[in-house]
Structures are given as C-alpha cells and as structure tokens.
Amino acid sequence: MLLLEVISGETLPKPDRGKMRFHKIANVNKALDFIASKGVKLVSIGAEEIVDGNLKMTLGMIWTIILRFAIQDISVEEMTAKEGLLLWCQRKTAPYKNVNVQNFHLSFKDGLAFCALIHRHRPDLIDYNKLSKDNPLQNLNTAFDVAEKYLDIPRMLDPEDLINTPKPDERAIMTYVSCYYHAFQGAQQAETAANRICKVLKVNQENERLMEEYERLASDLLEWIRRTMPWLESRVTDNSLAGVQKKLEEYRTYRRKLKPPRVEQKAKLETNFNTLQTKLRLSNRPAYMPTEGKMVSDIANAWKGLELAEKSFEEWLLSEMMRLERLEHLAQKFKHKADIHEEWTRGKEEMLQSGDFRQCRLNELKALKKKHEAFESDLAAHQDRVEQIAAIAGELNSLRYHDCESVNNRCKRICDQWDRLGSLTQQRRQNLDEAEKILEKIDILHLEFAKRAAPFNNWLDGTREDLVDMFIVHTMEEIQGLLEAHSQFKATLGEADKEYTSIVGLVKEVEATVHKYHIPGGLENPYTTLTANDLTRKWTEVRQLVPQRDSTLQAELRKQQNNEMLRRQFAEKANQVGPWIERQMDAVTAIGMGLQGSLEDQLHRLKEYEQGVFAYKPHIEELEKIHQAVQEGMIFENRYTQFTMETLRVGWEQLLTSINRNINEVENQILTRDSKGITQEQLNEFRASFNHFDKNRTGQLAPDEFKSCLVSLGYSIGKDRQGEIDFQRILAVVDPNSSGYVHFDAFLDFMTRESTDTDTAEQVIDSFRILAADKPYILPDELRRELPPDQAEYCIKRMPPYKGPNGIPGALDYMSFSTALYGESDL
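Just so you know, these numbers come straight off a predicted model, no measurement behind them. (Residues numbered from 1 in each chain as written. Predicted model: local features only at pLDDT ≥ 70, side-chain atom pairs only at ≥ 80, totals over all residues. Heavy atoms only, no water.)

(A) Structural context of the overall build of the chain. What the chain contains, in helices and strands, is 29 helices and two strands. Compactness check: the chain gives a C-alpha radius of gyration of 53 Å against a globular reference of 28 Å for 827 residues, more than 25% above the reference. Dimensions of the chain, computed from C-alpha atoms along their principal axes, come out at roughly 190 × 70 × 55 Å. By residue count, 44% of the 827 residues in the chain fall in the buried class. Restricting the contact set of the chain to residue pairs at least 6 apart, pairs at least 24 apart contribute 76%. (Helix = DSSP H or I, 4+ residues; strand = E, 2+ residues; numbered from the N terminus. Rg over C-alpha atoms; globule rule 2.2 N^0.38 Å. Buried < 20%, exposed > 50% of the residue type's maximum accessible area, 1.4 Å probe, protein only. Contact = heavy atoms within 4.5 Å.)

(B) Molecular detail of the nonpolar core. In terms of nonpolar packing, the biggest core is built from 49 residues, with Trp652, Phe706, Leu710 and Phe747 touching the most fellow members. Elements that contribute at least two residues to this core include exactly α19 (532-592), α20 (599-632), α21 (645-676), α22 (680-693), α23 (703-712), α24 (721-734) and α25 (744-755). Discounting residues that sit within four places of it in the chain, Trp652 has contacts with Trp580, Ile581, Val613, Tyr616, Lys617 and Ile620. Ranked by size, the runner-up nonpolar core spans 45 residues in total, among them Met211, Leu217, Ile392 and Tyr401. (Core = buried A, V, L, I, M, F, W, Y, C linked by side-chain atoms within 4.5 Å.)

(C) Focus on the UniProt feature "coiled-coil region" (unreviewed entry) in the chain. Per the UniProt entry, the sites bearing "coiled-coil region" (unreviewed entry) are residues 200-227 in this numbering. Along residues 200-227 one finds 100% helix and 0% strand; the C-alpha atoms at either end are 41 Å apart. (UniProt positions renumbered as here; feature names shortened; annotations may be inferred.)

(D) A look at the side chain of Glu349. Mapped onto the elements of the fold, Glu349 is located in helix α13 (residues 348-353). In contact with Glu349, not counting residues within four places along its chain, are Gln417, Arg420, Leu421 and Leu424.

(E) Focus on the confidence of the model for the chain. The share of residues in the chain with pLDDT of 70 or more is 93%, and the mean pLDDT across the chain is 84. Across residues 438-442, confidence stays below pLDDT 50; counting only partners more than four residues off in sequence or on other chains, it has 15 contacts. (pLDDT = per-residue confidence, 0-100.)

(F) Geometry of unusual backbone geometry. Its identity as a non-glycine residue notwithstanding, Asp152 has a phi of 60 degrees, on the positive side. In this structure, Asp152 sits in the loop between α7 (136-150) and α8 (159-164). Note on Asp152: relative accessible area 69%, which makes it exposed.

(G) Seen up close, the packing of aromatic side chains. This structure, assessed with the given rule, holds 30 aromatic pairs. Each ring, one from Phe768 and one from Tyr814, has its centre 5.9 Å from the other, and the planes form 25 degrees; the classification is stacked. One end of the pair, Phe768, is in helix α26 (residues 761-771); the other, Tyr814, is in helix α29 (residues 814-821), with 46 residues separating them in the sequence. Its relative accessible area of 0% is what places Tyr814 among the buried residues. Taken together through their ring pairs, the aromatic side chains of Phe104, Phe108, Phe114, Phe144, Tyr176, Tyr180 and Phe184 make up a single cluster. Over the aromatic face of Trp344 sits the side chain of Lys348, whose NZ or CZ is 4.9 Å from the ring centroid. Here the basic side chain of Lys707 rests over the ring of Phe727, its NZ or CZ set 4.7 Å away from the ring centre. (Phe/Tyr/Trp six-rings, centres within 6.5 Å; stacked < 30°, edge-to-face > 60°. Lys NZ or Arg CZ within 6 Å of the ring centre and 35° of its normal.)

(H) Summary view of the packing of helix α5 (residues 81-93) against helix α6 (residues 112-121). Running from amino to carboxyl end, α5 crosses α6 at an angle of 70 degrees, the nearest separation of the two axes being 9 Å. By the angle between their directions, the pair α5 and α6 is classed as roughly perpendicular. In the packing of α5 onto α6, the handedness of the crossing is left-handed. On α6, the residues that touch Trp88, Cys89, Arg91, Lys92 and Thr93 of α5 are Ala113, Ala116, Leu117, Arg120 and His121. Of the residues in the contact of α5 with α6, the class split is five nonpolar, two polar and three charged. (Axes fitted to C-alpha atoms, helices over the stretch in contact; angles between N-to-C directions. Parallel < 35°, antiparallel > 145°, perpendicular 65-115°, else oblique. Left-handed = near helix turned anticlockwise from the far one by under 90°. Nonpolar A, V, L, I, M, F, W, Y, C, P; charged D, E, K, R; others polar.)

(I) Here's a closer look at helix α16 (residues 444-467). With 24 residues, α16 ought to run about 34 Å at 1.5 Å a step, and its terminal C-alpha atoms sit 34 Å apart, in line with that. The largest bend in α16 comes to about 25 degrees, at Ala453, with the proline Pro455 one to four residues further on. (Expected span 1.5 Å × (residues − 1). Bend = angle between axes of the 7 residues up to and from the residue.)

(J) Fine view of the pattern of salt bridges. This structure, assessed with the given rule, holds 57 salt bridges. In this structure, the salt-bridge partner of Glu349 is Arg420, at a minimum N-O distance of 3.1 Å. Here the residue Glu349 occupies a position in helix α13, and Arg420 occupies one in helix α15 (residues 404-435), the gap between them amounting to 71 residues. Judged by relative accessible area, Glu349 falls into the buried class, the value being 16%. We classify Arg420 as partly exposed; its relative accessible area is 40%. (Salt bridge = Lys/Arg side-chain N within 4 Å of Asp/Glu carboxyl O.)

(K) Looking closely at the packing of α26 against α29. Packing of α26 against α29 leaves a shortest axis separation of 9 Å and a crossing angle of 150 degrees. Classified by the angle between their axes, α26 and α29 sit roughly antiparallel to one another. Remark: the crossing between α26 and α29 carries right-handed chirality. Here Ala761, Val764, Ile765, Phe768 and Arg769 of α26 come into contact with α29, specifically with Tyr814, Met815, Phe817, Ser818 and Thr819.

(L) Local environment of a positive patch on the surface. A cluster of like positive charges, contributed by Lys14, Arg17, Lys19 and Lys24, occupies part of the molecular surface. Of note, Lys19 is situated in the loop between α1 (2-8) and α2 (21-37). (Patch = residues over 30% accessible without salt bridge, like charges linked within 9 Å, V, L, I, M, F, W, Y side chains within 5 Å. Areas by Shrake-Rupley, 256 points an atom, 1.4 Å probe, with all protein chains shown as cover. Lys, Arg positive; Asp, Glu negative; His and termini not counted. Charge placed at Lys NZ, Arg CZ, Asp CG, Glu CD.)

(M) Inspection of the state of the cysteines at higher detail. Using the criterion set out here, one finds zero disulfides in the structure. We note that Cys198 lacks a disulfide partner, and the nearest cysteine sulfur, in Cys795, lies 8.1 Å from it. (Disulfide = S-S within 2.5 Å.)

(N) Main features of α7. Between its first and last C-alpha atoms α7 spans 21 Å; for 15 residues at 1.5 Å apiece the expected length is 21 Å, and the two agree. Taken residue by residue, α7 has Asn139, Leu140, Ala143, Phe144, Val146 and Ala147 as its buried positions. Viewed along the axis of α7, the buried residues span an arc of 165 degrees, placing them on a single side of the element. Against the buried residues of α7 lie α6, α8 and α9 (170-183). Of the residues trailing α7, Asp152 is marked for its positive phi of about 60 degrees. (Arc of directions from axis to C-beta.)

Below, the structure written as structure tokens:
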C-alpha cells in the first residue's frame, strides 16, 4: 500500500493494524482493489498467494504497478507503452554510431544507448565521441553516475549484472529507461514546438517565393503584350504587294514561334496564382492581392485585347493583299492599253497637220478625203480604248496605287493628245470639204478596201489585245466563264476568215486591174495606209495567239483545280480536328466537374488527356501547313467547311488552357484534402452535393442553390430572421466580393475549415512560448539553438524588438511576429 501511494501520488484507505493472517489478506486486497479501480486487469493474482510469500506472483504484481504508474503514461504516436518507449529510444539514438536499439535487453548491454540518450538531450554532461563499444562497464557506470548526479535518476541497475547476464531483465531496463523519458519530457515539448514553428515558417517562405514568381511572370507577360500591340495595330505598308507579303510572313512567324511560349507562360501564371491562393487559404493566411495592374483579370483582359488585335491584323493583311493584287493587275492593264494607244497615235498629229492636199490632183484630193473618212472611223473606234484607259486610271487612284502620279501624268498626256487629235481631225475635215468641189473621181476598189479594212484591222487589233489581256480569277466558275467566252470567240473565226478573204480579194482585184490597164500610181491606195500585208500579218498573229490563249486558260484552270483540291484538303482535316477539339473540351469539362472517380483518378485522366492533346499536335501543324498553302494560293473562301484556321487555333489554345486549369484545380483539391486531413469520402460527398445543385454544370452555385447544398450536408439553417443572418454570414465568407455566385474552390475551402483543425496564430505563439521557457520574449541564441539555421535567421530578421516589461537587450517579440504571420502580408 505504501508503494502504491508513493508511485501513484494518491492516498489509499488506512490499513488494518492487526498482525493476524486475515488482517494481512485484507490489506493486500485493499491494494488490489486500488489497482483494479485504475483500470488494470489482474489475472491469477490473489491476496492469499501474496501473503503466503509466493515470490513469482509478488514480483509480477510489483511489475504491474510499475508498468501502470511509471511507464504506461508514455504515449508516442498512440502505440502501447512498451512499443512507444522503444520507438522514442530509436528516434533519439538514430544519429549515434554503434547504437541500434531493437529491444530492452541486449540493445542496452554495452551502455552506449544510455549514454546516447543523455548526450542527445544534455550534450554538456557526456563526451560521446570518447566512448568505446569495447568498454561496456565504463559506459554503464558513466551513464548511471551522470543520471544519478545531474538528472535525479537513482541507480536501479547493477552494471556487472547487465554485463554478465546473457539476457538482462527486460522489465528492469524498461523501468529504468522510462525514468530517462520522464526526465527529458520538457525537451520533447520544446522539440515539438520547434517543429511546429519550422512548418509555419516554411509555408510563409514558400508563399513569398510564389508571390515574387507571380509578380515577375506577370510583369514579363504584360510587358511583352505592351510591346507587341503597336506592331499588331500598325496599318502602315509601302503600298506594294511584296511589302504586304513580307508582313504576312512575319505574322506567321509570330504565330508559330513567338506566341506559343507566351501561351504556356500565361497558363503557368494562372496555375501559380491558383496554387498560391490555395496554400494561403490552407495556412489561414489572407488572400494574395497582386500589384495594381497585375491581377489575373488584368492579364486576361490584356490577352483578350492581344487576340482581338491579331484577328484584326490578319484580316487587314489579307484585304491589303487582295487590294494590291488588284492594283498590280490594273497597273499592268493600264500600261498595256496605253502602249497600244500611243503606238497607234504616233505620227497622227503630223499627218493631220499636213498640207499635202494642196498639191494633189483632183483624184488624189478625193482619195485624201476618203482616207480622212477612214481615219475618222478609226478615230471613233479608238474612243472606247481612251475611255477604258481613263477609267482604269480612276480606279487606280481610288485604290491608292503607290505610283498614281506617273499614271495620272500619262493619262493626262493621252487625253490631251486625244483632244488635239479631235480638233485637228475636224479642222482637216473642213479643209478637205472646202476642196471637195474640185475633186470628182473616186477609186471604188480603194475606197471599199479602206472602209472594210479599217474596221477589220481595228477588230484584229482588239482581238490581239483581248487574246493577250491579263486576267485574275479566284474560283472555278470564273475560269470556266473565261473558257466558255473563249470557245464562243473561236466559233466566230470562220466568219472572220471569210471577211479576211473578201478584203484581201479587193486588193488582188486592184492589183489585177492596175496590171491590166497599166494605171500609174494605181497600186497606191489613197484612202488608207493599211495594206493586205498588214492584215495578213495581223490575221496570222491572231491565229497563232488563239492556241496560246488556250494554253494560258488551261494553266489557270489547273491552278483553280489545285486551289479546289487545297480547299477540300483543308476542309477534310478541319472537319476532323474541329469536332475532336470540341469532344476533348466536353470530356475535360466533365472530368473537371468531379463526376468520374477519386481526385487521383481525375488527375490521372486529365494527364492522359494532356498527353493525348500533345500527341495530337502534329494534326494542328499539318493543318497550319495546308492553311499556309491556301493563303499563298490567294484562296479567301471555303464552302466545304464551317471551320477557319483562326477558330481552330482559338479552340486549341482554349483546350490546352482548360486542361492546365483543371489539372491545377484537382491538384489543389488533393492538396486541400491531404493537408487538412479530410477523407476521400468527405471530398466525394462535398463534390456530389455541389454537382447535384449545379444543374447547368457551370462550376458555381447561386445563393439559393448554395443554401440547399448546405442543408443537404446537414447544416441547420432556419427560415426565421436568425437563420437568414447566419446564412448571410456564411455567404460573406464564401463570396467575399459579392459576385452572386459560389465557386467550388471557395465551397471546398469552407467545408474543409468546418471539418478539420488548422494551425492558428495562438498555436504558433504557444510553440514559441515553450522555446522561450514561458518568457514573453525570445532571444536570438534560443532561436538558433532550437530551429534550423535558415529558419532561425528568417525569424531573427523579421521579429520586432521586444518592448514589454522585464526585457533584456536583444530580446525579440515573438507574439506580434506570430500574429503578423496570419495577418496582412507586406507583399
């Protein structure tokens, strides 16, 4: 009974004072009843055997008392007393050489394990490096002497017995070791406190690193967008087709090489931001607010502006190419028609100003008048060409051709000359009319040739001009229209050949008449400068140009057929890629809604989709190559598909962003689940309840839906005024910006806080108080002794000086520091 009072610290009932056997049995029963009241189950131990001096049973009862009151209080990670004490010894002696604690008998025979336990907690009492495994007696005596002198642990064991016994008594060593555990229990509390502080500081350091990384990435991305926008918004060119084609190639290089790394940077930026916010919530820190202008929404708005500028820039480039191609075509057509016209007008002014009619004979004068009539007919026929030249020049001006000045100057010269020719023609006509009274004889054959040869010659000139006329088409319908028109023209060649034969027959008739009647100068036609050789040469040239025109049109037909093939190639590939992207988006969205298995399953599925998307990228690149060929072929529409390269690019980038965002969200949910200790079943319950009320699968709940979701999870929200106040308080937590919706991450964070325990500022303050031995302040040396070097310096650098009572120089205020960890961040 005395042993129980000493070891338990409690008072037992008074013993019976008699010396008879029944008194002794009654006293032993009082001791056994006290042991049983403490929850210890006694098996096969009776008072009579103890009174009768049963040595084995007596020793067993004493061991039961020691185990219950001296050892059983030891609890390391909720193991049994013996296993817990053994695990404590293993952890404390792990760094020491020649020590391997596996049991409570042989592992302690050489004394090094006892010395290691003392040195681990009080290195000032033993120099462990001077001990040897070969000298167990000295080791045991050293440990027992130091423990008795400095730690108030009595010598319960005999060193010689431990050494000479093959297997020392396990219970005796366990009892003795338990005294070490209780002696160093205060140091264990300090170690636990230090571990808690290290954990909190690591969280803060990692959060600060993520904030700095976000600021750097955001600044770099926004600066790149700022530098890129002026280039995309510029609409300045050298007004040439080559210049615009160069700009289009620069834009393609930008899309293929410069932008993709920035898409990845934007995705990484959003991922880092979401991870940081999750970590801040999990560690009870306030949400991170980036520097002004660097919010995720700011970056999203800047990115949207960039994509709008890209679309506008590409549309402008293509329209410029169409305009400049049209300009080049018109400029060549203007030059061609102007060259023909100027060639025709060469010498005409001198001819009209000539006074040759004054020295002519009557028949020669009449011939000059007929010749002038033929010229007037020719002049009228050229009126249409002059009007065409002026119209082309006007169109070049309206389309801002880069060399409008030279075009306008040449057009003005032609028009001015045309006006002079008209005036001179009228003047010469008047002069010939005045002389008509003295002119009588007309050569019918020459006149007939002149009248018929002039329009036929003009037709030949126009036909030659049409056969070499340049054209530009963009569709099969247009080239087929040109082919049909050419076929219709060839059908008229038979009638033209008859006309040619008839006109040449007039010349032959003249030649025959001249030769027959020897008419002097009769071979000269006074009515026209045209000859049969001129018509023969032009007619031969026209007949040679017809097959050449056939070849040119057939080449253009092949080009348009190739363009049609490119349209079909692009449409076939786009009609595969477009629906594929849409299916992947739907699948990723379904996984992101948490509808398929555990979080690890969802993460695995998402990463499989990510790999599948990367493996699909060659299809996009192949489509880009076809699209480039389409653009180089100047193909601007495609009736075989609803998809454009721009929509597919946007869909592809949205798919990549959606996968990255969902992977990040699932990883954050795993981080929330594991760090907060919630089970997979709880997480599934939260997700299932949220999805049940998220009818439209938008990833957010309206307030009424959120209230119903809470009720489904067991929250009691009354319909009275107090219930509404409670609900508004919860709504302010999950929707602090009053957006009118509750997102799943905010809902999960709220349910996690409601379901688990988290570190708090009060817990960190308690931990520092343990390290400071209950002082209201802590010293730098104490921090360096208890914490790892980097975290100790982190605290010393940031802790403010202690300004309270009884402070000493160098004292630091750990209370305000701990509060600041969970308050406003400087960043």
